[in-house]
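Survey of secondary and tertiary structure
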Amino acid sequence: MAELPLEALRKLSDLHPKPANLHFQYGTAGFRTLGSTMDSVMFRVGVLAGLRSKKLDGKTIGVMVTASHNPEPDNGVKLVDPRGEMLEASWEVHATTLANAPTTEAFIEALSTLVKNAKIDLSKPARVVYARDTRPSGPALVAALEDGFKAIGVSARNAEVTTTPVLHYLVKAINTKGTKDEYGEDSEEGYMEKLSSAFKKLVAGKVSPPPLIVDCANGVGARAAAKLSDYLGDSLKLILHNTATTTPGALNNACGADFVKTSQKIPPSLVSILKPGQRACSLDGDADRLIYFYLDDRGLFHMLDGDKIAALVAAFIVELVKGAGLGEEIQVGVVQTAYANGASTKYLADRLPVTCVSTGVKHLHHAAERYDIGVYFEANGHGTVLFSPETTEKLNTHQPSTPAQSTALGHLVNLTRLINQTVGDALSDMLLVEVVLVYKSYSGIEWDSLYHDLPNRLVKVVVPDRNIFKTEDAERRLISPPGLQQKIDELVRRYEFGRAFVRPSGTEDVVRVYAEATSRAQADDLAYRVAGLVYDEAGGDTSRRPAEFL
Ligand code: 16G
Ligand code: MG
């Protein structure tokens, strides 16, 4: 058995010392914190990615350097497993352990333990593909990552500056190359070609929709959207805004999907641009989330979030499955989280099976895999549609008995190519939405009227220790602190269609409170009161109560 290359590891690790007083955690979205503190983390992730690849017999692992919708000084890194999926949970723990080893010697010690416990054969090859978003801290962090690759002997492919979903696509495309499951050509061009040609087939013969305004969050999505726009040609005209990827401080600043979803407002930069009735959408900083919106004829803002996308898409897919004569054989289901608007859950549950899971893409993804066709979306706009291997096979081999069935079947097959099934993908989801809007002849207004969102409010409560908050039932109920859930239940009962839940954030040191009710004032009031309960229970900082809750 080959040994760890100790000399190279020591020499390179010494160039990337761990800051003494910082603790790093591989959380729901990988490591994410101030970019200026992440040099050692990047180096060690480089080494870990190599080991992960060796463990999986030389399959290609992905590494994405991004902090998504976070402000520009932040950065982050996450690993992508060979099928284009998020890193297996047990390795998140290894990542955290390695990142926190205080010295080079401790790091090497931790590596040896991992190699032994995980039974990693070091003589296997290691292959990695990596990319970064447009953050200014990216190049230096990538250099540290590359030192990690060098230290463990990775054959690494640099995918340069691209979106998170493109990187996931590349991982899957590389690992399926030459197999019967070939996912597409393993390049950004291959991705653009695959999506745009499926889109063109789907909308062939239909009336082209009016141009779509795309808010690119001043992030890497701007570059990808510009390329995609060239591939789409006249089939869909995109008007790109917030494309200032090199202006300091512009990334995600008062724009992008997270801004729109959390503030429930149009980005100020689009106020003078968006005309009443016109469709617009926002990508987030690494282009894996998508939120649509429009202004009505009174100029009022309406948001079409991940729940609305799920409703639109799921209903369309069910129709196609029935149309193809496969209604009895293929079960379509939807996966949501507790943040899904109650009105969306009702709309969907009246039509198809709906599951609720904990927050975080990996939970949704795994639950969606249990359906033949699983549609999953978080309200924040992250989501996709998964076709099980058996379903894909069935769609490719089924013999339709009428021309109508044949058409519906053809559309489903094209959807399997249009949709990036590895992870939520703002650009792929945008094309998917556009396809449905074209088929239904919907503008944003008709789409929005599928159901009416219950007014809702999300607030943060800063508490000394968020770890005392523990949940059950897909985060819908608290089991700790004891007694708090009963108090919340009592409050909620006083509001018509009231619903509220409390969970500790997985990405920030806060507790989140969500509330909805039949009116804006009631939703705000319920959120405020529940936040007050949380606050009192957790002994929050009284100087910050209560104005900061709302
Ligand atoms: C991360 C998750 C996202 C989730 C969010 C919740 C991934 C790739 N991303 O961004 O799915 O909605 O965290 O944040 O899993 P919170 O725990 O702070 O509310
Ligand atoms: Mg993102």
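Because the structure is a prediction, the values reported are computed rather than measured.

**Notes on the nonpolar core**
Side chains of a nonpolar character, in soluble globular proteins, are inclined to be buried together. Counting 82 residues, the largest nonpolar core has Ile 317, Leu 415 and Met 430 as the members making the most contacts within it. Looking at which element gives the most residues to this core, the answer is helix α10 (residues 306-323), with eleven residues. Apart from residues no more than four positions distant in its own chain, Met 430 is found in contact with Leu 212, Val 214, Leu 228, Leu 238, Cys 281, Leu 290 and Tyr 292. With 46 residues, the next largest nonpolar core counts Phe 43, Leu 51, Val 115 and Tyr 130 among its residues.

**Section: the coordination of the magnesium ion (ligand 2)**
For a metal with four tetrahedral donors the ideal donor-metal-donor angle is 109.5 degrees, whereas six octahedral donors ideally subtend 90 or 180 degrees. Taken together, the protein donors to the magnesium ion (ligand 2) comprise Ser 68 (OG), Asp 284 (OD), Asp 286 (OD) and Asp 288 (OD), at separations of 2.0 to 2.2 Å. Read in sequence order, the donor residues for the magnesium ion (ligand 2) give the motif S-x215-D-x1-D-x1-D. Here Ser 68 is found in the loop between β2 (60-65) and β3 (74-80), whereas its partner Asp 288 is found in the loop between β8 (280-283) and β9 (290-295), with 220 residues between them in sequence. There is no split in this pair, since Ser 68 and Asp 288 are both buried.

**Regarding the sheet that holds strand β19 (residues 511-516)**
Sheet architecture is open: three strands sit in the order β15-β19-β18, paired in antiparallel fashion. Of all strands in the sheet, those with a lone pairing partner are β15 (456-461) and β18 (499-504), marking the two edges. With direction set aside, neighbouring strand axes in the sheet form an average angle of 15°. Relative to β19, β18 runs antiparallel, the two sharing six bridges. The residue bridging Arg 499 from the neighbouring strand is Glu 516, located in β19. Its contacts with the sheet place helix α18 (residues 520-538) against β15, β18 and β19, and it is angled at close to 20° to β15.

**Points about the pairing of strand β10 (residues 301-304)**
Here β9 pairs with β10 via four bridges, running antiparallel. Bridge pairing in β10 links Tyr 292 to Leu 304. In this structure, the hairpin formed by β9 and β10 is closed by a connection of five residues, where Gly 299 is found at a positive phi of approximately 85°.

**With respect to the UniProt feature "active site" (unreviewed entry) in the protein chain**
Under the UniProt annotation, "active site" (unreviewed entry) lies at Ser 68. Aside from chain neighbours lying at most four places away, what touches Ser 68 is Arg 32, Asp 133, Arg 135, Asn 252, Asp 284, Gly 285, Asp 286 and Asp 288.

**Some points on the site of ligand 1**
Surveying the vicinity of ligand 1 reveals 13 residues, the closest of which are Glu 378, Ser 505, Gly 506, Thr 507 and Arg 512. Measuring from an oxygen atom of ligand 1, one finds a side-chain N or O atom of Asn 380 at 3.0 Å. Contact with the protein chains hides 91% of the accessible area of ligand 1, taken as 450 Å² for the molecule alone. Residues that form the shell around ligand 1 fall into these classes: two nonpolar, seven polar and four charged. In this structure, the shell around ligand 1 is formed jointly by two domains, domain 3 (306-448) and domain 4 (456-549), each of which donates at least three residues.

**Here's the deal with the layout of surface pockets**
Estimated volume of the second largest pocket: approximately 970 Å³. Forming the boundary of the second largest pocket are 31 residues, of which Lys 172, Asp 181, Phe 387, Pro 389 and Thr 392 lie nearest the centre. At the level of elements, α6 (164-176), α12 (361-368), β14 (383-387), α13 (389-397) and α14 (403-418) are the ones that each hand at least two residues to the lining of the second largest pocket. Residue contributions to the lining of the second largest pocket peak at five residues, all from α13. Taken together, the residues of the lining of the second largest pocket sort by class into eight nonpolar, ten polar and 13 charged. Each of domain 1 (6-161) and domain 3 (306-448) gives at least three residues to the lining of the second largest pocket.

Reading the values: the criteria
- Residues numbered from 1 in each chain as written.
- Chains lettered and ligands numbered in written order.
- Predicted model: local features only at pLDDT ≥ 70, side-chain atom pairs only at ≥ 80, totals over all residues.
- Heavy atoms only, no water.
- Core = buried A, V, L, I, M, F, W, Y, C linked by side-chain atoms within 4.5 Å.
- Buried < 20%, exposed > 50% of the residue type's maximum accessible area, 1.4 Å probe, protein only.
- Helix = DSSP H or I, 4+ residues; strand = E, 2+ residues; numbered from the N terminus.
- Contact = heavy atoms within 4.5 Å.
- Donors = N, O, S within 2.8 Å, 3.2 Å for Na, K, Ca; no water.
- Pairing = 2+ DSSP bridges.
- Axes fitted to C-alpha atoms, helices over the stretch in contact; angles between N-to-C directions.
- UniProt positions renumbered as here; feature names shortened; annotations may be inferred.
- Near = heavy atom within 4 Å.
- Polar contact = N/O pair within 3.5 Å; in protein donor to acceptor, adjacent residues only side chain to side chain.
- Areas by Shrake-Rupley, 256 points an atom, 1.4 Å probe, with all protein chains shown as cover.
- Nonpolar A, V, L, I, M, F, W, Y, C, P; charged D, E, K, R; others polar.
- Domains from an automatic or database assignment.
- 1 Å grid on protein atoms, 1.4 Å probe; cavity = no way out; pocket = protein on both sides within 12 Å on 5 of 7 lines; lining within 4 Å.
- Points joined across faces, edges and corners; volume = space filled by probe spheres on them.

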